[in-house]
Structures are given as structure tokens and as C-alpha cells.
Amino acid sequence: MNIPKSSYPRIVIIGGGFGGISLAKKLSKKEVQVVLLDKHNYHTFQPLLYQVSTGGLEPDSIAYPIRKVLKDYPNFYFRLAHVEKVDADQKRLQTDIGPLAYDHLVLATGSETNFFGNAEIERNGMAMKSIPQSLNLRSLILENFEQALLTDDLHERDALMNFVIVGGGPTGVELAGALAEIKKGILPKDYPDLDTRRAQINLVQASDRILQEMSTNASKKAEDFLEGLGVQIWKNIRVTGYDGKRVSTQTDLTFESAALIWAAGVKAALVNGLEAKELLVQGRLKVNEFNQLEGHPDIFAIGDVACMVSEGSPHGHPMMAQPAIQQGKNLGENLVRLLDGKPLRPFTYHDKGSMATVGRNKAVVDLPKFRFQGVFAWFVWMFVHLFFLIGFRNRVVVFVNWVYNYVRFDREARLIIRPFKKDYSAFKR
């Protein structure tokens, strides 16, 4: 890897997400050598992936080069690599670009889409957890409408314009709202020779309400917003299969659809060598209050991959950006304290609330002391997301895009840059 030897302790961070970047920043200008490994050379602002999928933003608006984030930090090294295995006994990593020894290892690998073992849905459905996946989804959405123009079969045309989103969390709700606004304001202009009124957006939730992690008031208001936009919400319905043509459920309900979008959950992105059952709780790496793995004092885990069980968090902290950012900062301070021989400080999570946008002037916000919905919540949602974007240029570009889209009711990034190939012959009668 051509990482120079140093008298400083080597801290290796796997993952350049919210937790990994937060930790690396905290270790800047400290007397340590930091090596960050990631399979991408950029950090992704995942909360806005749905806007890339629906043509609201281009991917470079929500991505930022990892090297640029940390370019002014001494003793920092980034390598584009996939970690294949962790050898905890030898304190060594095996990667696709060679081995690497470490003094302290931090796993910040985040999460990946959880299909709950359903291979058929994983094979035929669409996930939205990365920029490449979002671009594939954008292409599929647009290609379906282009294909709908070419067929004289009404059944096939309806299936091509029928979108099924599985999962009523923030991702599913925000994506459903964005697709509904596209149907209302953009499709009639782009496809005047297509009856886009027949397009359907179905949101399928396995439990009895959407946005289950938020307050019941926020859930009910978001449901009202979506139904006002024409989204059909199906609750207490569990999707069991998708063959690329038909969505099946545990009931007699089925959907004929050329696009199933899976937003029903995530799971920890584990690394080989640390996947033993005794290290896991609920599929995540079990850590103590200092984010240390049990039995491995030199290995730490933060963010989605870590499960820190406490009295206030019996199932671990939520798999969202804020716990990862806060754990990264706390661990950065603790690593310095550890090297100085000082006692570590336990992590305390400060819940800053949760929010979701449903569409233009429509959002729900649950803060620790305040809960509100509507236009003001929408502005709060925009401000928070702009604030946490990395890079001044990205903030400006996203803000300008949002203003333009609001004024013109348009989405300029409706581009099929990388076609997503799908076999449409199954829909022909």
C-alpha cells in the first residue's frame, strides 16, 4: 500500500461515511498516523440519494472527495480498497490491494440493504443505498416511461407506470412523495402523448403506520400529505416476492409492476473475520460504552455497524447519521486519551430529533421538545440537510437546485446517463 512507517501509532479506519469522516477530522493534527480505507473515493450524503434517483440533483451534488475533506491533515493517508478480512490476533488487515498492519482499528463500514434473505427480491428489485444504485433507479424510472410510449398494450403500459415502494420509513416516504410530484408536475409536460394520469405510486408498509420511529402525529400527517399527492398507502402488508413482473404479498393482494423499489430496512455491513456470533447482537457488532469490541480492546466500531446496548437504548442506537457522527467525535477524543494513558469517556447519545420531507412545502419534524409539520417543517428540513452537507460548493449547488425546482416546479436532471437494462418482454400478453 506504500504507507510509510512512522513512530506514531497507526489508526486504521474502514469506511468514509459519516462516522469515519467525523473520527478522521477529530484526529487531525494529533500525533497519530491515520489510514482511511474505502471502496469509493468519495463520501456520500445518503439522506439525499432519493433526489438523485428522481432527477432533483446530480450525484456530484451529494458526493465529496475523501482526499479533499482531509487534504490539510498531516499523517493522513487514504487508500481506495476493499477490506477482505480482519486478522484480530495478528492485528492485520487483508485487502484487495495488499495487507496492512494496525495498532488500532476502527470499523465504520455503515450498513447495506437488508432483503431479509429474499433472493428473488434482491435479484429483481431496486435498492437505493449508494450513488450507483440511485443512478440505476433514475434510469429505470425514465426508461419505463419511454417504454410505455412504445407499447399499444394497455396492461403493459400500466405495469410500466406502476411503482411499488416497499418500506414506510423516511427513505420510502420521501421517495414516494418525490415520485408523486413528478407525476403531477413534470410527466404531463415531458410526455404529452402519454396518459400519465394512469401512473401509480404504491407505498407498502408491513406495520400499521408509516414513519414508525417518529411520533404518531408525524406519521398521521405524513400519511395525509402522501394521500393528498395521490400516493396509495398499503399498511399491514408484507411483500413476499417479486419476479420482475408481479409483486406478491402475504395476502391475495398483488401488483403488476416493472419497478419494485426496496426501502424496507438495512443491516450492518460486517467485515470477514469479525462476524462470529459471540461478537454480534441483532446482527451488529457488540461494543461497550467506549465503542470497543468485546474481547478486542484495540478494535472499535461506530455508526450503523455498532450496537451499543444501554438502558436508554436497549436495541442499540438508531442506524442514522447523528449517532455515527457523535460516536466518531467521542472515539477521536478517546483514542487520544488512550494513547496518553488517560481513562476513556463513555459515549452518551444526544438525540437531536428526526424528520422527513414528503414534498413541496410538506415535511414532518420531531425534535426533543417540539413537534411540527407543514411549511415551517419543510424549511427546517432543508436547512438541516444543507448544514450537514460537506463542501461549500455542494451546499450552494443543492440550494440553487432547490430554489430553481421550487420556482419552476421542474427537475433538470432527468437524464438517462447510464441505461439500466431490463427485460420488458415479460409484460407483453
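The coordinates are above.
First, a word on scope: everything that follows refers to the structure included in this document. (Residues numbered from 1 in each chain as written. Predicted model: local features only at pLDDT ≥ 70, side-chain atom pairs only at ≥ 80, totals over all residues. Heavy atoms only, no water.)

A short note on the sheet that holds strand E23 (residues 306–307)
Counted only if it meets this: Any two strands between which DSSP finds at least two bridges are classified as paired. Numbered from the N terminus, helices here are DSSP runs of H or I no shorter than four residues, and strands are runs of E no shorter than two.
Read across the open sheet, the three strands follow the order E19-E20-E23; overall the sheet is mixed. A single partner strand is all that each edge strand has here, and the edge strands are strand E19 (280–281) and E23. In terms of strand pairing, E19 meets strand E20 (residues 284–286) through two bridges, oriented antiparallel. Within the sheet, the bridge partner assigned to Val281 lies in E20 and is Arg284.

Brief notes about the pairing of strand E6 (residues 83–87)
Pairing of E6 with strand E7 (residues 92–95) involves four bridges; the strand directions are antiparallel. Each bridged residue has a counterpart across the sheet, and for Val86 the counterpart in E7 is Leu93. Taking the residues between adjacent antiparallel strands as the criterion, E6 and E7 are bridged by four residues, where Lys91 takes a positive phi near 50°.

Examining unusual backbone geometry
Here is the rule we go by: Exposure is judged per residue with a 1.4 Å probe applied to protein chains only, and the accessible area is read against the type maximum: over 50% gives exposed, under 20% gives buried, and values in between give partly exposed.
The phi dihedral of Asn75 falls on the positive side, at around 60°, and the residue is not glycine. Structurally, the position occupied by Asn75 is in the loop between helix H3 (66–69) and strand E5 (76–80). Residue classification places Asn75 among the partly exposed residues on the basis of a relative accessible area of 28%. Not every positive phi belongs to a glycine, and Leu211 is a case in point at roughly 45°. Checked against the element boundaries, Leu211 lands in the loop between strand E12 (200–205) and helix H9 (216–228). With relative accessibility at 2%, the residue Leu211 sits in the buried group.

Concerning the pattern of salt bridges
Rule in force here: In the sections that follow, a salt bridge refers to a side-chain nitrogen of Lys or Arg positioned within 4 Å of a carboxyl oxygen of Asp or Glu.
Going through the model one piece at a time under the given rule, you end up with 13 salt bridges. Lys26 is paired through a salt bridge with Glu333; the nearest N and O atoms lie 3.4 Å apart. Highlighted residues: Lys26 in helix H1 (residues 18–26) and Glu333 in helix H10 (residues 321–339), separated in sequence by 307 residues. Among the ionic pairs, Asp224 bridges to Lys220, the shortest N-O distance being 2.8 Å. With Asp224 and Lys220 both in helix H9 and four residues apart, this pair spans about one turn of that helix. A network of salt bridges, in which partner residues are shared, links Asp190, Asp410 and Arg414.

Structural notes on the side chain of Ser215
Quick note on the threshold: Definition of a polar contact: a pair of N or O atoms within 3.5 Å, with one able to donate and the other able to accept a hydrogen when the atoms are protein atoms, and with sequence-neighbouring residues admitted only if both atoms are side-chain atoms.
You can see Ser215 is positioned in the loop between E12 and H9. For Ser215, a relative accessible area of 10% gives the class buried. At 3.1 Å, the side chain of Ser215 forms a polar contact with the backbone nitrogen of Ala218.

Things to note about the pairing of strand E22 (residues 296–301)
Note: strand E9 (residues 104–107) against E22, three bridges, orientation parallel. When the bridges of E22 are listed, Val106 appears paired with Phe300. Between strand E21 (residues 292–293) and E22, which pair antiparallel one after the other, the connecting turn spans two residues, and Gly295 there sits at a positive phi close to 80°.

A short note on a positive patch on the surface
Inclusion rule: Excluding any residue in a salt bridge, patches collect residues exceeding 30% relative accessible area, merging like charges within 9 Å and nonpolar Val, Leu, Ile, Met, Phe, Trp and Tyr side chains within 5 Å. Working definition of accessibility: Shrake-Rupley area with a 1.4 Å probe, residue cover restricted to the visible protein chains. As used throughout, the charge tally considers Lys and Arg to be positive and Asp and Glu to be negative, leaving His and the chain termini uncounted. Charge coordinates come from a single atom per side chain, which is NZ of Lys, CZ of Arg, CG of Asp or CD of Glu.
Where like charges cluster on the molecular surface, the positive patch consists of Lys25, Lys329, Lys352 and Arg395. Residue placement: Lys329 occurs in helix H10. Relative accessible area serves as the criterion here: at 44%, Lys329 is assigned to the partly exposed category.

Some words on the environment of Pro47
So the rule is basically this: Working rule for contacts: check all heavy atoms of both residues, and any pair within 4.5 Å makes them a contact.
Inspection of the secondary structure assignment puts Pro47 in the loop between strand E3 (42–44) and helix H2 (49–53). Since its relative accessible area comes to 28%, Pro47 is described here as partly exposed. For the pair Pro47 and Arg67, spaced 20 residues apart in the sequence, the C-alpha separation amounts to 22 Å. With residues up to four places along the chain from it excluded, the contact list for Pro47 reads Phe18, Glu174 and His385.

Focus: the nonpolar core
Selection rule: What makes a nonpolar core is a set of buried Ala, Val, Leu, Ile, Met, Phe, Trp, Tyr and Cys residues whose side-chain atoms join them at distances within 4.5 Å.
Counting residues in each nonpolar core, the largest one holds 68 residues, and the members touching the most others are Leu48, Phe145, Leu179 and Leu226. In contact with Leu226, not counting residues within four places along its chain, are Val173, Ala176, Gly177, Leu203, Ile210, Val231, Ile233 and Val358.

So, the packing of aromatic side chains
The way to describe two aromatic rings as a pair is by their centre distance and the angle between their planes. This is how it is decided: Under the pairing criterion, centres of Phe, Tyr and Trp rings, with the six-membered ring standing for Trp, must be within 6.5 Å; the plane angle then separates stacked pairs below 30 degrees from edge-to-face pairs above 60, leaving the rest tilted.
In this structure the tally under the stated criterion is 11 aromatic pairs. Each ring, one from Trp378 and one from Phe379, has its centre 5.4 Å from the other, and the planes form 65°; the classification is edge-to-face. Given the relative accessible area of 10%, Trp378 is considered buried. Taken together, a centroid distance of 5.2 Å and an interplanar angle of 90° make the contact between Phe387 and Phe388 edge-to-face. Given a relative accessible area of 53%, Phe387 falls into the exposed group.

Structural notes on a nonpolar patch on the surface
A cluster of nonpolar residues, Phe392, Val396, Phe399, Val400, Val403, Tyr406 and Val407, forms a patch on the protein surface that exposes about 670 Å² of accessible area. Within the fold, Tyr406 resides in helix H12 (residues 392–408). Look at Tyr406 and you get partly exposed, because its relative accessible area is 32%.

Comments concerning the packing of H1 against H10
In plain terms, the rule: Lines fitted to C-alpha atoms define the axes here, with helix axes fitted over just the stretch in contact, and angles between the N-to-C directions of these axes take values from 0 to 180 degrees. Here the angle decides the label: under 35 degrees means roughly parallel, over 145 means roughly antiparallel, 65 to 115 means roughly perpendicular, and every other value means oblique. Two helices that cross are described as forming a left-handed crossing if the nearer one is turned anticlockwise from the farther one by less than a right angle, and a right-handed crossing if clockwise. Residue type decides the class: Asp, Glu, Lys and Arg count as charged, Ala, Val, Leu, Ile, Met, Phe, Trp, Tyr, Cys and Pro as nonpolar, and the leftover types, Gly among them, as polar.
H10 packs onto H1 with a crossing angle of 30° between their chain directions and a minimal axis gap of 7 Å. The angle between H1 and H10 falls in the class roughly parallel. Along this stretch, H1 crosses H10, giving a crossing that reads as right-handed. Residue-level inspection shows Phe18, Gly19, Ser22, Leu23 and Lys26 of H1 in contact with H10, the latter providing Ala321, Ala324, Ile325, Gly328, Lys329, Leu331, Gly332, Glu333 and Leu335. Class assignment of the residues belonging to the contact of H1 with H10 gives a composition of seven nonpolar, four polar and three charged.

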